[in-house]
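Coordinates in review
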Amino acid sequence: VVGGYLNRVGEKYVISDEGKKWLLQDSSHFLGNLIQYFETLYSRWGSFEHSLEHGHPERSYFEVFTEKDWETYVYGMRDLANLLLNEVKPKLILPNNPKSLLDIGGSHGLFAIECCRRYPTLHATVMDFAPALQHTLKIAGTEGMSDRISAVAADFTKAELPSDQDCILMLNIIHALSEDQN
């Protein structure tokens, strides 16, 4: 109620227009998965003392993710990317008749999917951790892009990147990297 997502009507609560915008799955602004992902991140606060003392967490959050956490992560990042998509789309300008695009750390594949929609000659490869990619390929299938999106399971900070790419996307990844890696 305080945040404006619910209205109190007598003894009941009903979702407000603001709540419908952000919290209903059929809304184009849905953030439910992202909110669930934040819950996953909050669990890391239990080892905050270690992070303060040593300058880093005991283990990266990817190391402790369960299968469900990976799903929540991918769909949460998709919610966030969907919010940014209309801003990013005009900036995704590729060369004429591009053949290949590499989306590094692309998890949900939404930006790669959008590029494939705009460029009929394009095939995109999403590079991310293996547990994320099973959801990436499911999303690509749902979007009718199974034949245009492929996946490479790798830690891009250590892997050799595929050569001969017409474009490489690197969006929303610096938060997961150390200062030296960035």
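What counts and what doesn't
- Residues numbered from 1 in each chain as written.
- Predicted model: local features only at pLDDT ≥ 70, side-chain atom pairs only at ≥ 80, totals over all residues.
- Heavy atoms only, no water.
- Helix = DSSP H or I, 4+ residues; strand = E, 2+ residues; numbered from the N terminus.
- Buried < 20%, exposed > 50% of the residue type's maximum accessible area, 1.4 Å probe, protein only.
- Contact = heavy atoms within 4.5 Å.
- Salt bridge = Lys/Arg side-chain N within 4 Å of Asp/Glu carboxyl O.
- Pairing = 2+ DSSP bridges.
- Right-handed = clockwise from strand over helix to strand, strands pointing away.

1. Quick look at the overall build of the protein
- Helix and strand content of the protein: seven helices and six strands.
- Going from N to C terminus, the protein has its helices and strands arranged as β-β-α-α-α-α-α-β-α-β-α-β-β.
- The principal-axis extents of the C-alpha atoms in the protein amount to approximately 60 × 45 × 25 Å.
- Per-residue burial over the protein gives 37% buried out of 182 residues.
- Sequence separation of at least 24 residues holds for 60% of the intrachain contacts in the protein that already meet a minimum separation of 6.

2. Topic: the pattern of salt bridges
- For the structure on display, the rule yields six salt bridges.
- As a salt-bridge pair, E71 and K68 come within 3.3 Å of each other at their nearest N and O atoms. Of the two residues, E71 and K68 both sit in helix α5 (residues 67-88), three residues apart, roughly one turn of that helix.
- Residue class for E71 comes out partly exposed when judged on its relative accessible area of 25%.
- In this structure, K91 and E87 form a salt bridge, with 3.6 Å as the shortest nitrogen-oxygen distance.
- Look at K91 and you get exposed, because its relative accessible area is 60%.
- Salt bridges here are not isolated pairs; linked through shared partners, they connect R78, R117 and E143.

3. Section: the pairing of strand β3 (residues 100-104)
- The element β3 is extensively covered by neighbouring structure, given that five of its five residues are classed as buried.
- Residues S100, L102 and I104 line one face of β3 and the alternating positions L101 and D103 line the opposite face, and both faces are buried.
- Bridge count for β3 against strand β4 (residues 123-128) is five bridges, and the pairing is parallel. Pairing of L102 across the sheet is with T125, part of β4.
- As a crossover connection, the stretch from β3 through helix α6 (residues 110-118) into β4 is right-handed.

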